[in-house]
Amino acid sequence: MNFFGQKEEKPAGPDPLFAATTEMEMYTFLFNRMSQTCFEKCLNRKHKEGDLALGEMSCTDRCVAKFLEAQEKVGVILQKANEQQVAQQANMQNMQQSFNR
């Protein structure tokens, strides 16, 4: 019961805390993988200076931009596939209901 004496209802759908935790884990994984990939590709192993060289900075900028662009494209493709799957499941449920009548 809540403060007003009414029964509390859980929201229909996914748990918001679980969704937020999963999203944070995904972004952490994305950042770590991007950092590792671009570091290995662009940065010199012999650190002579405390700052990045001009070539290292531009390489890192391009690497990060390409990495994020690729992730965005994959996200769009996965979203479309998910929408198609949901539509297909809805069609299957409609067909089952029509056969049961």
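Quick look at the structure, then. Within each chain, residue numbers correspond to sequence positions counted from 1 in written order. Local features are withheld for residues below a pLDDT of 70 in this predicted model, meaning they are given only at 70 or higher, and side-chain atom pairs are given and counted only at 80 or more; totals for whole chains, interfaces and linings count all residues. By convention in this description, side-chain values take in all heavy atoms of the structure and omit both hydrogens and water.

### Some remarks on helix 1 (residues 16-42)
With 27 residues, helix 1 extends 38 Å between its outermost C-alpha atoms, agreeing within 8% with the 39 Å of an ideal straight helix rising 1.5 Å per residue. Buried means the residue's accessible area, taken with a 1.4 Å probe over protein chains only, is under 20% of the maximum for its type, while exposed means over 50%, and partly exposed covers the values in between. A run of DSSP states H or I qualifies as a helix once it reaches four residues; a run of E qualifies as a strand once it reaches two. Both are numbered from the N-terminal end. Within helix 1, burial applies to Leu30, Met34, Cys38 and Cys42. Any helix carries an expected span of 1.5 Å times its number of residues minus one.

### Digging into helix 2 (residues 54-100)
Taking 1.5 Å per residue as the helical rise, helix 2 with its 47 residues ought to reach 69 Å, and the 69 Å between its terminal C-alpha atoms agrees with that figure. Every buried residue of helix 2 is listed here: Glu56, Cys59, Cys63 and Phe67. Contacts are residue-level and defined by heavy atoms, with any inter-residue pair within 4.5 Å sufficient. Looking at the buried side of helix 2, the elements it contacts are helix 1.

### Here we look at the nonpolar core
Ranked by size, the top nonpolar core spans seven residues in total: Leu30, Met34, Cys38, Cys42, Cys59, Cys63 and Phe67. Those elements that place two or more of their residues in this core are helix 1 and helix 2. Element by element, the count of residues in this core is highest for helix 1, at four residues. Apart from the residues lying within four places of it in its own chain, the contact partners of Cys38 are Leu43, Cys63 and Val64. To qualify as a nonpolar core, a set must consist of buried Ala, Val, Leu, Ile, Met, Phe, Trp, Tyr and Cys residues joined through side-chain atoms within 4.5 Å.

### Digging into a nonpolar patch on the surface
On the surface, Leu52, Leu54 and Met57 cluster together into a nonpolar patch covering about 300 Å² of accessible area. Tracing the backbone shows Leu52 in the loop between helix 1 and helix 2. Judged by relative accessible area, Leu52 falls into the partly exposed class, the value being 41%. Every patch collects residues that have over 30% relative accessible area and no salt bridge, joining them within 9 Å if they carry like charges and within 5 Å if they are nonpolar side chains (Val, Leu, Ile, Met, Phe, Trp, Tyr). All accessible-area figures derive from a Shrake-Rupley calculation using a 1.4 Å probe, and residue coverage is judged against the displayed protein chains alone. The rule for a salt bridge is simple: a side-chain nitrogen of Lys or Arg has to be within 4 Å of a carboxyl oxygen of Asp or Glu.

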